[in-house]
Amino acid sequence: MVYFLKNGLNQSRIGITVSRKVSTLAVKRNRVKRLIRESFRTQQLSGDGLDFVVIAQRATTLASNQEIISSLEK
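Residues numbered from 1 in each chain as written. Predicted model: local features only at pLDDT ≥ 70, side-chain atom pairs only at ≥ 80, totals over all residues. Heavy atoms only, no water.

Engineer: Which residues make up the sheet that holds strand E3 (residues 50–55), and what are the values?
Structural biologist: Pairing in this open sheet of 3 strands is mixed, and the strands run E1-E3-E2 from one edge to the other. Each of the sheet's edge strands pairs with one partner strand only, and the pair in question is strand E1 (2–6) and strand E2 (13–17). Averaged over all pairs of adjacent strands, the angle between strand axes in this sheet comes to 15°, irrespective of strand direction. Judged from the 5 bridges that link them, E1 and E3 form a sheet pairing that is antiparallel. (Pairing = 2+ DSSP bridges. Helix = DSSP H or I, 4+ residues; strand = E, 2+ residues; numbered from the N terminus. Axes fitted to C-alpha atoms, helices over the stretch in contact; angles between N-to-C directions.)

This is the structure in structure tokens:
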């Protein structure tokens, strides 16, 4: 789930939430966070002045890396 709102700044910011309910293993939660940060970085959204909040859901840890990235691109 992705929420966004204009922040009135020159740069975009991102907040990522992957709770323990999504996965009890920190390795899986960290993998999801790394993929989200990398997707944010590569899509060049840093100059749009938006705040993004990404909330991972349980199915995220079962998805492959490419499925997560393509989902975020949409």
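Engineer: Residue-level account of the environment of Ile 68, with values.
Structural biologist: Note that Ile 68 resides in helix H2 (residues 65–73). Since its relative accessible area comes to 7%, Ile 68 is described here as buried. Each C-alpha atom, one on Ile 68 and one on Ile 55, is 13 Å from the other, the two residues being 13 residues apart in sequence. (Buried < 20%, exposed > 50% of the residue type's maximum accessible area, 1.4 Å probe, protein only.)

Engineer: Quick rundown of helix H1 (residues 26–42)? Include the residues and the values.
Structural biologist: Taking 1.5 Å of rise per residue, 17 residues should cover 24 Å, and H1 covers 24 Å from first to last C-alpha, within 8% of that figure. Where H1 is buried, its residues contact E2, E3 and H2. Downstream of H1 by one or two residues, Gln 44 has phi in the positive range, about 55°. (Expected span 1.5 Å × (residues − 1). Contact = heavy atoms within 4.5 Å.)

Engineer: Just give me the short version of the side chain of Thr 60, but keep the residues and values in it.
Structural biologist: With respect to the secondary-structure elements, Thr 60 resides in the loop between E3 and H2. For Thr 60, a relative accessible area of 18% gives the class buried. Other than its neighbours up to four places away in sequence, Thr 60 contacts Arg 31, Val 32 and Ile 68.

Just distances and angles here, no functional claims.
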